[in-house]
Amino acid sequence: MFSQLTLGASLYVGDMLFYAICFLVLMALIAKFAWNPVNAMLKERADRIANDMDSAENARKDAQELAAQRKQELDNSQAEATNIISNAKDSGNKQRGQIISDAQKDAQLLKENAQRDIDQQRDDALKSAKDDVASLSIEIASKLMKKELNSESQKGLIDSYIEGLGKSNESR
Amino acid sequence: MGGNPVATFKFLGLTFSYVNIVSGLLASLVVFLLVFWLSRNLQLKPTGKQNVLEWIMDFTNGIVRGSISGDEASNYGLYAFTLFLFIFVSNQMGLFINIEGPSGDILKSPTADPIVTMTLALMTVMMAHFSGVSKLGFKEYFKSTYLSPFKFWLPISVFEEFTNFLTLGLRLFGNIFAGEMLLKTIGGFAFSHGITTVIFAIPLELLWQGFSVFIGSIQAFVFVTLTTVYISQKVQPEE
């Protein structure tokens, strides 16, 4: 066992050299085949993650802006709708007033026309009645002249006539 | 081990031991194949084995960041990662594969040999000093490492550098070597007196094996942690 402790003649310098070289070669091989590719991949991954986070941040900002825009638009459209409704109400009210006043005017006009017609017709009727009375009087007078007159029959004639006149007047 | 002679050969005037070279190559191969397999098919969205790899990297990077602050940390991530996996695999290797040939071991934990752990410790210490010089310049490095807090602290500081180096390597060696030794002792005890000792040895072996897995993991973590601490002491002198 103490022959291993290399204090004597058998110092295995060759072993030291061999291990040093072996280790360096191993390190170089690991660097080439594993260390550098893995580190490159890790760097790529870190970049990717950073990019993803940036783009996610951007997307979030965009979404926020869009949401704010939408909200604004919604508010605008609500205001617009209220405006339209109130406008429609106003114009409806106006139209109703117009229609009512028009109708009132029309009714007034119709009433006036009717009144005028009535007056006209009454006048016409009175005029024709006057004509009738005149012609009747003439007829009566002519009949009287033809007939022999006694006071009684005359009286009865006149009464009957007047009665008839009143009737015909009433019937008018 | 246990006093067995170690088979060696000479090449270019340097002495090599078979067991260390075979074990070290195997450990490196296991680490490389594991990492290679885990790192195939990398995807942005990690799945299955990629998660495991990223978890290990995250773990070792966490150790580095625990001691070295700021952007300095990224320079030592790969070293900590490789060191951790190599020591971890080496520590566990001897626990389930331990082949003893007629002329000594053929396969064991590389980290159960002081020459290996001291090599790793030497690499760490050299790297720490080199980083200090290249970061602060030689003058600042010398001042912050050896002349603080007082000028006459110099001998103690120099001594401390040596103890750091020794304890870093020998702590790992001691833990793993002791684990293997006891496993072998229990194994020897199991077959010493027939079936009765086997029955007694099985739970003991099981217990110690589990404990050794734990120790091996902890020692890999401790080694890497101390490595980063030593580096940070050289790179970022305390205010």
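About the cut-offs
- Residues numbered from 1 in each chain as written.
- Chains lettered and ligands numbered in written order.
- Predicted model: local features only at pLDDT ≥ 70, side-chain atom pairs only at ≥ 80, totals over all residues.
- Heavy atoms only, no water.
- Helix = DSSP H or I, 4+ residues; strand = E, 2+ residues; numbered from the N terminus.
- Buried < 20%, exposed > 50% of the residue type's maximum accessible area, 1.4 Å probe, protein only.
- Contact = heavy atoms within 4.5 Å.
- Areas by Shrake-Rupley, 256 points an atom, 1.4 Å probe, with all protein chains shown as cover.
- Axes fitted to C-alpha atoms, helices over the stretch in contact; angles between N-to-C directions.
- Parallel < 35°, antiparallel > 145°, perpendicular 65-115°, else oblique.
- Left-handed = near helix turned anticlockwise from the far one by under 90°.
- Nonpolar A, V, L, I, M, F, W, Y, C, P; charged D, E, K, R; others polar.
- Expected span 1.5 Å × (residues − 1).
- UniProt positions renumbered as here; feature names shortened; annotations may be inferred.
- Salt bridge = Lys/Arg side-chain N within 4 Å of Asp/Glu carboxyl O.
- pLDDT = per-residue confidence, 0-100.
- Buried area = accessible area lost by both parts, 1.4 Å probe.
- Polar contact = N/O pair within 3.5 Å; in protein donor to acceptor, adjacent residues only side chain to side chain.
- Core = buried A, V, L, I, M, F, W, Y, C linked by side-chain atoms within 4.5 Å.
- Bend = angle between axes of the 7 residues up to and from the residue.
- Phe/Tyr/Trp six-rings, centres within 6.5 Å; stacked < 30°, edge-to-face > 60°.
- Lys NZ or Arg CZ within 6 Å of the ring centre and 35° of its normal.

**Observations regarding the overall build of chain B**
- For chain B, the helix and strand inventory stands at seven helices and four strands.
- Helices and strands in chain B line up, N terminus first, as β-β-α-α-α-β-β-α-α-α-α.
- Relative to its full complement of 239 residues, chain B shows a buried share of 45%.
- When contacts within chain B are restricted to residue pairs at least 6 apart in sequence, those whose partners lie at least 24 apart make up 67%.
- Carbon together with sulfur atoms contributes 73% to the accessible area of chain B, which is approximately 12100 Å² in total.

**Description of the environment of Ser23 of chain B**
- Its location among the elements puts Ser23 of chain B in helix α1 (residues 18–38).
- Through-space distance from the C-alpha of Ser23 of chain B to that of Gly94 of chain B is 9.1 Å; in sequence the pair is 71 residues apart.

**A word on the packing of α1 of chain B against helix α3 (residues 77–96) of chain B**
Residue and element names in this part refer to chain B.
- In contact at an axis separation of 9 Å, α1 and α3 are set at 120° when each is read in the N-to-C sense. Taken together, the axes of α1 and α3 lie oblique to each other. Note on packing geometry: the crossing formed by α1 with α3 is right-handed. Here Ser23, Gly24, Leu26, Ala27, Ser28, Val30, Val31 and Val35 of α1 come into contact with α3, specifically with Phe81, Leu85, Phe86, Val89, Ser90 and Met93.
- Per-class residue counts for the contact of α1 with α3 are ten nonpolar, four polar and no charged.

**Notes on α1 of chain B**
- Here α1 of chain B spans 30 Å end to end across 21 residues, near enough to the 30 Å set by a 1.5 Å rise per residue.
- Taken together, the buried positions of α1 of chain B are Val19, Asn20, Ile21, Ser23, Gly24, Ala27, Ser28, Val31, Phe32, Val35 and Leu38 of chain B.

**Description of the UniProt feature "transmembrane region" (unreviewed entry) in chain B**
- With numbering aligned to this structure, UniProt lists the feature "transmembrane region" (unreviewed entry) at residues 12–38, 76–99, 111–132, 185–204 and 210–231 of chain B.
- Within the segment residues 111–132 of chain B, helix and strand shares are 86% and 0% respectively, and the terminal C-alpha atoms sit 27 Å apart.

**Digging into the pattern of salt bridges**
- For the structure on display, the rule yields six salt bridges over all chains.
- With its nearest N and O atoms 2.7 Å apart, the salt bridge here joins Arg45 of chain A to Glu54 of chain B. With Arg45 of chain A in helix α1 (residues 13–146) and Glu54 of chain B in helix α2 (residues 48–67), the pair connects residues from two separate chains.
- A relative accessible area of 17% places Arg45 of chain A in the buried class.
- The class of Glu54 of chain B is buried, set by a relative accessible area of 14%.
- Salt-bridge contacts for Arg60 of chain A lead to Glu57 of chain A; the nearest nitrogen and oxygen are separated by 3.1 Å. Taken together, the residues span about one helical turn, with Arg60 of chain A and Glu57 of chain A both in helix α1 at a distance of three residues.
- Overall, Arg60 of chain A belongs to the partly exposed group, its relative accessible area being 44%.

**A look at the confidence of the model for chain A**
- When the pLDDT values of chain A are averaged, the result is 84; 88% of them are 70 or greater.
- Every residue in residues 1–9 of chain A scores below 50 in pLDDT, and together they form twelve contacts with partners more than four places removed in sequence or on other chains.

**A word on the interface of chain B and chain A**
- On the side of chain A, 32 residues touch chain B, which itself brings 48 residues to the contact.
- Of the roughly 3600 Å² buried between chain B and chain A, counting both surfaces, carbon and sulfur atoms make up 79%.
- When residues of chain B are sorted by the area they lose upon contact with chain A, Leu44, Leu78 and Ile115 of chain B head the list and together hold 18% of the total.
- At the junction of chain B with chain A, the criterion picks out one salt bridge.
- At the junction of chain B with chain A, the criterion picks out four residue pairs in polar contact (both at pLDDT 80 or more).
- When residues of the side of chain B that touches chain A are traced back to their parent elements, those giving at least two are β2 (14–17), α1, α2, α3, α4 (114–136) and α6 (154–190) of chain B.
- Looking at the side of chain B that touches chain A, the element that brings in the most residues is α1 of chain B, giving ten residues.

**As for the packing of helix α5 (residues 138–146) of chain B against α6 of chain B**
Residues and elements named next belong to chain B.
- Viewed as axis vectors pointing N to C, α5 and α6 meet at an angle of 95°, and their least axial separation amounts to 8 Å. Taken together, α5 and α6 sit at an angle that is classed as roughly perpendicular. In contact with Phe142, Thr145 and Tyr146 of α5, α6 contributes Leu154, Ser157, Val158 and Glu161.
- Of the residues that constitute the contact of α5 with α6, the class distribution is four nonpolar, two polar and one charged.

**Focus on the nonpolar core**
- Among the nonpolar cores identified, the biggest contains 60 residues, and Phe23 and Ile30 of chain A together with Val35, Phe81, Leu83 and Phe223 of chain B are the most heavily contacted of them.
- Elements that contribute at least two residues to this core include exactly α1 of chain A together with α1, α2, α3, α4, α6 and α7 (195–235) of chain B.

**A word on α1 of chain A**
- A rise of 1.5 Å per residue sets the reference length of α1 of chain A, with its 134 residues, at 200 Å; its end C-alpha atoms lie 190 Å apart and thus fit the reference within 8%.
- Helix geometry: α1 of chain A is bent most strongly at Ala31 of chain A, by close to 50°.

**Side note on the packing of aromatic side chains**
- Counting across every chain of the model gives 16 aromatic pairs over all chains.
- Their ring planes at 90° and their centres at 5.6 Å tell us that Phe18 of chain A and Tyr19 of chain A sit as a pair that is edge-to-face. Each member of the pair, Phe18 of chain A as well as Tyr19 of chain A, carries the same accessibility label: buried.
- Summarising the aromatic geometry, the rings of Tyr19 of chain A and Phe86 of chain B are spaced 6.4 Å apart at their centres and angled 70° between planes, so their arrangement reads as edge-to-face. Taken together, the residues Tyr19 of chain A in helix α1 and Phe86 of chain B in helix α3 connect one chain to another.
- Taken together, the aromatic side chains of Phe18, Tyr19 and Phe23 of chain A together with Tyr79 and Phe86 of chain B make up a single cluster linked through ring pairs.
- Across the ring face of Phe33 of chain A, the terminal group of Lys32 of chain A is positioned such that the distance to the ring centre comes to 4.9 Å.
- Positioned above the aromatic ring of Phe36 of chain B is the side chain of Arg40 of chain B, whose terminal nitrogen or guanidinium carbon lies 4.0 Å from the ring centre.

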